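Understanding the architecture of this molecule
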Amino acid sequence: MLPPSVDAALLAVLGLLIGSFLNVVIYRLPVMLEARWKAECAQMQGELAQPAERFNLMVPRSRCQSCGQTLSWFENIPVLSYVMLRGRCRHCQAPISLRYPLIELATGALFFFCGWHWGLNATALVWCGFAAALLALAMIDWDTTLLPDDITLPLLWAGLMAAALGLSGVALPDAVWGAVGGYMSLWLVYWAFKLATGKEGMGFGDFKLFAALGAWFGWQALIPIILMASVIGAIVGIAMKFSSALREGGYIPFGPFLAGAGLTAMLLGPQAILRVVGL
């Protein structure tokens, strides 16, 4: 058996690699969804879809977004390539967003925690997958206000399967009712707000994400998680309002705060969230 520090280090390295892939998912998945929706609309209207360049999570290879130059393998090493290139494209010297290495580091840190807390085993791996999915969802929602079913629904089912296999530490009935309660609670809030104001306060993706969190942590964690998400969202929203950083329409997506609360629940435990918000 390896020492906990070695388990954590191995998973941290894996996390850096997965973080690099998450950068691809965060950028490409919304583009793929938009192309899919356009093709479906064209098909319903009886139009022939225009042939497009093959584009998915694997093809084409990563390119510089400024000059379009295909990146070599040594330009795709997590974190290290950014440092070696000094944050600039090797070909056109355009700046590379700092967000790329930060996402890689965040994923590595979350995987490190899973290895340290659970060791190098199936439980740690399923929680690594949970953390990676939440990180991707948070960034996609922040960029596009979308929470893709391609991630939220597998995350929901994975939570139920982890409970059934005894890997999440949550009893299966609690996970099932957590999923039901998570979805229905925000669904009711959505319709109450819409009937009262005539506006949509959140998207259906938020229901599915909260349902997934209920599946992973059980129905008992729903109140702590939603409280944490609401508190963080309110603080960030107020700060952005005073700094004039709100996007057009004055809204911010709720998904990143739900994801943040979910990660906090993984790191500290759901009940610790109540202590954080003073309850």
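In what follows, the structure referred to is the one given above.
Presented here is a report on the structure given in the accompanying data block.

Let us look at the nonpolar core. Of all hydrophobic cores here, the largest spans 61 residues; its most connected members are Phe130, Leu155, Phe217 and Met266. When residues in this core are grouped by element, the largest group, 14 residues, is from helix 4 (residues 122-144). Residues contacting Phe130, with those up to four places away along its chain left out, are Leu155, Leu213, Trp216, Phe217, Gly262 and Met266.

Another point: a nonpolar patch on the surface. Together, Leu172, Val176, Trp177, Val180, Met184, Trp187, Leu188, Trp191, Leu195, Phe204 and Trp219 make up an exposed nonpolar region whose accessible area comes to about 1100 Å². If you tally residues by element for the nonpolar patch, the top one is helix 6 (residues 172-197), at nine residues.

Attention now moves to the layout of surface pockets. For the largest pocket, the calculated volume is near 1100 Å³. Around the largest pocket sit 36 residues that line it, and Val24, Ser62, Arg63, Leu71 and Asn76 are the ones nearest its centre. At the level of elements, helix 1 (4-44), helix 2 (80-84) and helix 3 (99-118) are the ones that each hand at least two residues to the lining of the largest pocket. When its residues are assigned to classes, the lining of the largest pocket shows 21 nonpolar, eight polar and seven charged. Considered as a void within the structure, the second largest pocket measures approximately 550 Å³ in volume. If you go around the second largest pocket, you meet 22 residues; those closest to its centre are Gly201, Met202, Ile252, Pro253 and Phe254. Breaking the lining of the second largest pocket down by element, the ones donating at least two residues are helix 7 (204-217), helix 8 (222-242) and helix 9 (255-268).

What counts, and where the lines are drawn
Residues numbered from 1 in each chain as written. Predicted model: local features only at pLDDT ≥ 70, side-chain atom pairs only at ≥ 80, totals over all residues. Heavy atoms only, no water. Core = buried A, V, L, I, M, F, W, Y, C linked by side-chain atoms within 4.5 Å. Buried < 20%, exposed > 50% of the residue type's maximum accessible area, 1.4 Å probe, protein only. Helix = DSSP H or I, 4+ residues; strand = E, 2+ residues; numbered from the N terminus. Contact = heavy atoms within 4.5 Å. Patch = residues over 30% accessible without salt bridge, like charges linked within 9 Å, V, L, I, M, F, W, Y side chains within 5 Å. Areas by Shrake-Rupley, 256 points an atom, 1.4 Å probe, with all protein chains shown as cover. Salt bridge = Lys/Arg side-chain N within 4 Å of Asp/Glu carboxyl O. 1 Å grid on protein atoms, 1.4 Å probe; cavity = no way out; pocket = protein on both sides within 12 Å on 5 of 7 lines; lining within 4 Å. Points joined across faces, edges and corners; volume = space filled by probe spheres on them. Nonpolar A, V, L, I, M, F, W, Y, C, P; charged D, E, K, R; others polar.

Just geometry here; none of it tells us what the structure is for.
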